[in-house]
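Structure at a glance
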Amino acid sequence: MTDANGQRELAAILAEARARVAAGEAPDLDALGPRVLDAGAGAAAERRALAQLERLAAVHRARARVAQAPPRPAAPPPRPLRAALRTRPTIVGNLDVRRESRDAFVLAWDALPAVLDWEVRFSERADARSDYRELAVHELPAATTRIELPLGDRPFRVNVVGRGRGGRAVRRALLSGLTRETWGDRWQRRATAS
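Residues numbered from 1 in each chain as written. Predicted model: local features only at pLDDT ≥ 70, side-chain atom pairs only at ≥ 80, totals over all residues. Heavy atoms only, no water.

A separate point is the sheet that holds strand β2 (residues 97–99). The strand order across the open sheet built from 3 strands is β2-β3-β6, with neighbouring strands paired in antiparallel fashion. Taken across any chain shown, the strands that pair with only one partner, and hence form the sheet edges, are β2 and β6 (146–148). Along the sheet, successive strands turn relative to each other by an average axial angle of 25°, direction set aside. Sheet topology note: the β2/strand β3 (residues 106–109) ladder contains 3 bridges and is antiparallel. Looking at β3, one finds that R98 is bridged to A108. (Pairing = 2+ DSSP bridges. Helix = DSSP H or I, 4+ residues; strand = E, 2+ residues; numbered from the N terminus. Axes fitted to C-alpha atoms, helices over the stretch in contact; angles between N-to-C directions.)

What follows is the structure, encoded as structure tokens:
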């Protein structure tokens, strides 16, 4: 076989190997290797052709590994926005208020001689970015120092004002960011000017 015919034979063998790899099949090196050596294209051309066959076989093995690789673990689901924007209950004012129990939503405070009556306002907002909207106003006598709160999933605010002679505010507490979920959390006290 002439050198030119050998080159054409090597090109055909390599084309056959590439076609098998493209089809997802392994090139049969046991059958193609002896054909390369029988092509008669010369020792240098045969070495190059055998090296190309090895590279094609490596490409097929790499593709097979990628195809069999286990899927990457799914990314963890994003945290719900509600949890990211969770409001921490906060108290402002000069009146000490407390939970009467962790099970029932009852807010309590101590009676004060200077207070003649209590005004308790309930407000709620749709989400952490909305303004509070007033729900109810309760007028309580001086001896009543507890009230049950209608807590739900929305941020809730309680404004307790103790009024003295002439309706002047003597003591007050503003408790914001309450929900059923945050009722048992530690309440953060913020400083006040009064």
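Once the structure has been displayed, the description carries forward.
So, about the pattern of salt bridges. On inspection of all chains with the given rule, the structure shows 12 salt bridges. The salt bridge involving E25 is made with R20; its shortest N-O contact spans 3.6 Å. A residue is classified by how much of its surface remains accessible, and E25, at 40% relative accessible area, is partly exposed. A relative accessible area of 30% means that R20 is categorised as partly exposed. Across the pair E134 and R121 runs a salt bridge, and its minimum N-O distance is 2.9 Å. Here the residue E134 occupies a position in strand β5 (residues 133–141), and R121 occupies one in strand β4 (residues 117–124), the gap between them amounting to 13 residues. Its relative accessible area of 25% is what places R121 among the partly exposed residues. (Salt bridge = Lys/Arg side-chain N within 4 Å of Asp/Glu carboxyl O. Buried < 20%, exposed > 50% of the residue type's maximum accessible area, 1.4 Å probe, protein only.)

Now for helix α1 (residues 3–22). For α1, spanning 20 residues, the distance from its first C-alpha to its last is 28 Å, which sits close to the expected 28 Å at 1.5 Å a residue. Buried within α1 we find G6, L10, I13, L14, A17 and V21. Relative to the axis of α1, the buried residues are bounded by an arc of 95° and lie together on one face. Counted as exposed and oriented over 90 degrees from the buried face of α1: R8 and A22. On the buried face of α1, the contacting elements are α2 (29–38) and α3 (43–68). In the segment just after α1, G24 is the residue with positive phi, at about 90°. (Expected span 1.5 Å × (residues − 1). Arc of directions from axis to C-beta. Contact = heavy atoms within 4.5 Å.)

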